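So the chains spell out like this:
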Amino acid sequence: MLKQRVITAIVLLAILLPALFYKTPVAFAVVALVLMAAGSWEWGRLNSLGQGGSVGLAALCVLGCGLSWYGGLLDQPLPLLWAAAGAAWVLAGAWLLRNGVTGWPRIPKAVRLAGGVLALWLAWLAVAQARVIGVNFLLSVLLLVWVADIFAYFAGRTFGGRFSKGKLAPSISPGKSWEGVWGGMAGVVALSLAWLALGASGPAAGQSLYARLMERHGIVVMLLAVIFLAAMSVVGDLVESLIKRSAGVKDSSALLPGHGGVLDRVDALLPTLPLAMMLATL
């Protein structure tokens, strides 16, 4: 299993890194589109579609992304879209977690399928726009999610249950603790301050999410924003866990040997990317 994880990680990095640092955003947008199409296929499978229906759902996602690209949306400011997407994620995320695993099957299947494709399309558009803004900006968003996850894991392992009586969401993801959430929030605060300090004199300093928020709103709002994004990354993770538990599976698929499926790797990014674009364009 460890060997599989390492090999898969190396292959992914060999694809993602050249695309990320390519001279134009096109290569990264294409790679992200492939991943979102795979995520749409997984979404269909998680919601009881057969192979043909799941492939059709992936094609629908590609069509939506392609039309957005062809229509020039990657280069246009979309503050109203990001505000609507952000509000939808906050409200829908809270509603889904409140209703739990048993509430998911009660949602009409067509609504579940459409909601998944919409979420993946928004995530693709957000990550593509972030790359258009610049590599520094995109990395500041991606690393925020990854640092939140890493710090949450180690804080949960070290301090889980020591300061809080109950688990975060025992019926959805029994292993997650409140201490892990607080650790993730502490991690992104440290990341944002370190990024600003280390990049203060660099040519790309003003292109990060943290610098934009601080220049426009001040350090207090910037810190509150990164804490909010860390919290919403947890929501994305929990929502996917809820859906997998309802479907009775451990992973969204086996597309990434040793790592599960694409949705398992991007679940925390699905709400965070549109919300980061919302905050960056306010």
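For the structure given in this document, a descriptive report is provided here. (Residues numbered from 1 in each chain as written. Predicted model: local features only at pLDDT ≥ 70, side-chain atom pairs only at ≥ 80, totals over all residues. Heavy atoms only, no water.)

1. Things to note about the nonpolar core
Phase 1 of the analysis: The biggest cluster of nonpolar side chains holds 84 residues, and the ones touching the most others in it are W82, W124, L144, L209 and Y210.
Phase 2 of the analysis: Apart from residues lying up to four places away in sequence, Y210 is in contact with S140, L144, L191, S192, W195, L196, M222 and V226. (Core = buried A, V, L, I, M, F, W, Y, C linked by side-chain atoms within 4.5 Å. Buried < 20%, exposed > 50% of the residue type's maximum accessible area, 1.4 Å probe, protein only. Contact = heavy atoms within 4.5 Å.)

2. Details of the packing of aromatic side chains
Phase 1 of the analysis: On inspection of all chains with the given rule, the structure shows five aromatic pairs.
Phase 2 of the analysis: With centroids separated by 6.2 Å and ring planes inclined at 40°, the aromatic side chains of F159 and F163 adopt a geometry described as tilted.
Phase 3 of the analysis: Here W195 and Y210 contribute two aromatic rings whose centre-to-centre distance is 5.6 Å and whose plane-to-plane angle is 70°, an arrangement assigned as edge-to-face. Of this pair, W195 sits in helix α7 (residues 178–198) while Y210 sits in helix α8 (residues 209–217), placing them 15 residues apart in sequence.
Phase 4 of the analysis: The buried category is assigned to W195, whose relative accessible area is 18%. (Phe/Tyr/Trp six-rings, centres within 6.5 Å; stacked < 30°, edge-to-face > 60°. Helix = DSSP H or I, 4+ residues; strand = E, 2+ residues; numbered from the N terminus.)

3. Here's the deal with the side chain of D267
Phase 1 of the analysis: Following the sequence through the fold, D267 ends up in the loop between α10 (262–266) and α11 (269–281).
Phase 2 of the analysis: Of the buried charged residues, D267 lacks a salt bridge, with K244 as the closest side chain of opposite charge at 5.7 Å.
Phase 3 of the analysis: Ignoring sequence-local partners within four residues, the contact set of D267 consists of G236, D237 and E240. (Lys, Arg positive; Asp, Glu negative; His and termini not counted. Salt bridge = Lys/Arg side-chain N within 4 Å of Asp/Glu carboxyl O.)

4. Quick look at α8
Phase 1 of the analysis: Among all positions in α8, only L209, Y210, A211 and L213 are buried.
Phase 2 of the analysis: Close packing links the buried residues of α8 with α6 (135–159), α7, α9 (219–247) and α11.
Phase 3 of the analysis: Looking at the residues trailing α8, positive phi occurs at G218, about 95°.

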